Amino acid sequence: MKNKNEIKILKNRSIIKFEGKDFLGEVGIDGRIFKALTYARISVGVISQQAVENGISVLVNESDSEKAVNCLIEEFENERKSGKVSQIFSINNVSVLGFVAPDFNKIMSELARNNIFPLILNQVLAENRINLVVTSSQDEKSKNIIEAEIFSKPKTVHLAIIGHGRVGSTLIDQVLQKSEDIRNRKKIDLKIVAVANSRKIAFNKDGFNANWADEVSVAEEKSSVESLIHFSQLHQLENLIVVDNTTSKDFVKNYTRLADNGFDLVSSNKIFNTAPISEYRDLRNVLTKKNKKYLYETNVGAGLPLIDTIKLLHLSGENITRIKGVFSGSLSYIFNNFSVREEKFSTIVKEAIEKGFTSHDPREDLSGNDVAKKLLILARELDLTNELTDINIQSLIPEKLGKLNKNEFLNSLDLLDSYFEEIKKNQKENHVLRFIGELHGDLQQEKGELDVQLISVPANSEIGQLKGSDSIFKIYTENYGENPLVIRGAGAGAKVAARGVFGDILRLSENK
Ligand SMILES: NC(=O)C1=CN([C@@H]2O[C@H](COP(=O)(O)OP(=O)(O)OC[C@H]3O[C@@H](n4cnc5c(N)ncnc54)[C@H](OP(=O)(O)O)[C@@H]3O)[C@@H](O)[C@H]2O)C=CC1
Ligand SMILES: N[C@@H](CC=O)C(=O)O
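Residues numbered from 1 in each chain as written. Chains lettered and ligands numbered in written order. Predicted model: local features only at pLDDT ≥ 70, side-chain atom pairs only at ≥ 80, totals over all residues.

A few words on the overall build of the protein chain. Assigned secondary structure in the protein chain consists of 19 helices and 18 strands. Taking 24 Å as the expected radius of gyration for a compact globule of 512 residues, we find that the protein chain reaches 30 Å, considerably beyond that expectation. Based on the C-alpha atoms only, the size of the protein chain along its principal axes is roughly 100 × 50 × 45 Å. Contacts spanning at least 24 positions in sequence make up 73% of the contacts within the protein chain whose residues lie at least 6 apart. (Helix = DSSP H or I, 4+ residues; strand = E, 2+ residues; numbered from the N terminus. Rg over C-alpha atoms; globule rule 2.2 N^0.38 Å. Contact = placed C-beta atoms within 7 Å.)

Now for the site of ligand 2. Lining the immediate surroundings of ligand 2 are Ser328, Gly329, Ser330, Phe357, Thr358, Ser359, Asp365, Asp370, Gly491 and Ala492. Partitioned by chemical class, the residues of the shell around ligand 2 number 2 nonpolar, 6 polar and 2 charged. (Near = placed C-beta within 6 Å. Nonpolar A, V, L, I, M, F, W, Y, C, P; charged D, E, K, R; others polar.)

Here we take up the UniProt feature "domain: Homoserine dehydrogenase catalytic" (unreviewed entry) in the protein chain. Here the UniProt feature "domain: Homoserine dehydrogenase catalytic" (unreviewed entry) sits at residues 305-506. For the annotated span residues 305-506, helix accounts for 40% and strand for 21% of the residues, and the straight-line distance between the end C-alpha atoms is 14 Å. (UniProt positions renumbered as here; feature names shortened; annotations may be inferred.)

Further remarks concern the confidence of the model for the protein chain. Here the protein chain averages 94 in pLDDT, and 98% of its residues register 70 or above. Across the predicted assembly, pTM comes out at 0.91 and ipTM at 0.98. (pLDDT = per-residue confidence, 0-100.)

Contact geometry for helix H6 (residues 166-186) and helix H19 (residues 494-510): axes closest at 9 Å, N-to-C directions at 45°. Taken as axis vectors, H6 and H19 run oblique relative to one another. H6 and H19 meet at a crossing whose hand is right-handed. In contact with Arg166, Val167, Thr170, Leu171, Gln174, Val175 and Lys186 of H6, H19 contributes Ala494, Lys495, Ala497, Ala498, Arg499, Val501, Phe502 and Glu510. (Axes fitted to C-alpha atoms, helices over the stretch in contact; angles between N-to-C directions. Parallel < 35°, antiparallel > 145°, perpendicular 65-115°, else oblique. Left-handed = near helix turned anticlockwise from the far one by under 90°.)

The next thing to look at is the site of ligand 1. The environment of ligand 1 is made up of 32 residues, and the closest members are Gly163, Gly165, Val167, Asn197 and Ser198. The dominant element in the shell around ligand 1, judged by the number of residues it contributes, is H6, at 3 residues. The residue makeup of the shell around ligand 1, split by class, is 9 nonpolar, 19 polar and 4 charged. Shared between two domains, the shell around ligand 1 takes at least three residues from each, and those domains are domain 2 (155-296) and domain 3 (306-492). (Domains from an automatic or database assignment.)

This brings us to the nonpolar core. Formed by 94 residues in total, the largest nonpolar core has its most connected members in Leu159, Ile161, Ala194, Val195, Ile241, Val243 and Leu375. When residues of this core are sorted by domain, at least three fall in each of domain 2 (155-296) and domain 3 (306-492). When near neighbours in sequence (up to four residues on either side) are disregarded, Val243 contacts Leu159, Ala160, Ile161, Ile162, Val266, Val501 and Ile505. By size, the runner-up hydrophobic cluster in this structure holds 30 residues, among which are Ile16, Ile120, Leu132 and Ile145. (Core = buried A, V, L, I, M, F, W, Y, C linked by C-beta atoms within 7 Å. Buried ≥ 20, exposed ≤ 12 C-beta atoms within 10 Å, placed from the backbone.)

Below, the discussion takes up helix H12 (residues 329-340). For the α-helix, the turn length of 3.6 residues means that residues three or four positions removed from each other point alike. Taking 1.5 Å of rise per residue, 12 residues should cover 16 Å, and H12 covers 17 Å from first to last C-alpha, within 8% of that figure. Taken across its 12 residues, H12 has 9 buried, putting it largely inside the fold. Within the sequence span of H12, burial applies to Gly329, Ser330, Leu331, Ser332, Tyr333, Ile334, Phe335, Asn336 and Phe338. (Expected span 1.5 Å × (residues − 1).)

Take the domain arrangement of the protein chain next. Many descriptions give the size of an interface as the accessible area lost when the pieces come together. The domain architecture assigned to the protein chain consists of domain 1 (8-151), domain 2 (155-296) and domain 3 (306-492). Centre-to-centre separation of domain 2 and domain 3, based on C-alpha positions: 29 Å. With 9 residues of domain 2 at the interface, the matching set in domain 3 holds 11 residues. Of the residues in the side of domain 2 that touches domain 3, the class split is 4 nonpolar, 3 polar and 2 charged.

The buried count for strand S3 (residues 55-61) comes to 5 of 7 residues, which makes it a mostly enclosed element. Of the strand pairs in this sheet, strand S1 (residues 8-20) and S3 are connected by 7 bridges, and their pairing is antiparallel. Bridging across to S3, Ile15 finds its partner in Leu59. Judged from the 4 bridges that link them, strand S2 (residues 47-50) and S3 form a sheet pairing that is antiparallel. Across the sheet, residue Ile47 finds its bridge partner in S3, namely Val58. (Pairing = 2+ DSSP bridges.)

Dropping the structure here:
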């Protein structure tokens, strides 16, 4: 190699594989292989011997591969008949990458994380010189990964944003606004290469810019995970992250396939983490096997650093004994306001919807389901095996309103007014209403007790003093005793949720 800093790439090569048994160490076999190839005027490149499998691999130009196989078949006719040589065949469409790198192990682990496993590897340790043979469908991607490692170039991270509703579109704008700064400060080049909704998916291999919404609106490709995987393979994209900002039950079924195809996962969607425990564990096993990561900090408390904190406490052996709080940003807003304002319940619910605090269908919040899911997600972080059906949920909507379609329900909101007015009036003096979640019981057992309910608390209590759409999580542990660790802050809204998702993306990117 002339320039030590160059990555040399030789395309259109074939591996000729020569396999058999009992010829290891036999004098003359290698010589006959090279002689036969030389007589056929075939030039030979990287060579590798597999002692265990008793085979030899040589590299030739793809245009010579058929001739190379035929001349070796002819040369070893007798050994093939006796069974000493079992197979002579070619693997076409491969490329060689030659480079000098001091930290070879790091490069190998980066390649493996991107599902790249070299077919041949030759190393001259003393000179840090390496030759890798990879399939041509992965050669450019391998080159980019190796270049980023050896030349400390910004590493490109390719993002597929699934769902561009309130959270997804805010996230895209935040990423676009910050990408240059992140490239300069962290040497991470974030490129949004795919954006999808439930109907279609738009691709841009160079990365979308501020006009992304226009590109999505004219896209014609049907939304599917197959086309996303195909696109990532066609363009040999490395460091892939798929971001699920949907509310879809169907999309989460793709997580395993995406992990299998080299994607790490970030999700604001709570559905996967509240699936039956066997499915929940299956994906985690696949992720471990495939060395893929799955981050979901925004599943509980939007952008608040809650899941990470609980994970750390639990991992460090601190026994969490109880978690109690206001888990829902929308219900926080609704009851913080309803408790102190002379307004109808339905008016305040409409405000929460307008401010983007509620789920797409506000009944997900008002039924207590959203809080129940958040509670379950926290319980499972503590290795408890609870299911959604184990949770005692007090729903805030009568059954008949649950059966309406979304618009009919929104038009019937005022049917809730007198019921909540009555509850408000019947409280003790200086009390306010709060909708809380609580995980308690003996948390060293397999399952904890999970309750979701509307309570009345003194206005001057910690929970009673909550404002705006803030969430509060009180985490009680053995060592903190009756002084819980308290995490409090904005619990809903597209901006804070998107910021939390962005944080997960950056955490994954930094470790890539
Ligand atoms: N809003 C908030 O404060 C917070 C929200 N979250 C979570 O963030 C997620 C997104 O919320 P939000 O942005 O408010 O929801 P929206 O309803 O505003 O947006 C959902 C998006 O997902 C798309 N989508 C739905 N199904 C699919 C599918 N099968 N494949 C591809 N795209 C799909 C929708 O496309 P289409 O228009 O075609 O249906 C839409 O673009 C939710 O899971 C929510 O629970 C988490 C924390 C806080
Ligand atoms: N609707 C949720 C936000 C999304 O998770 C809430 O009100 O907290």
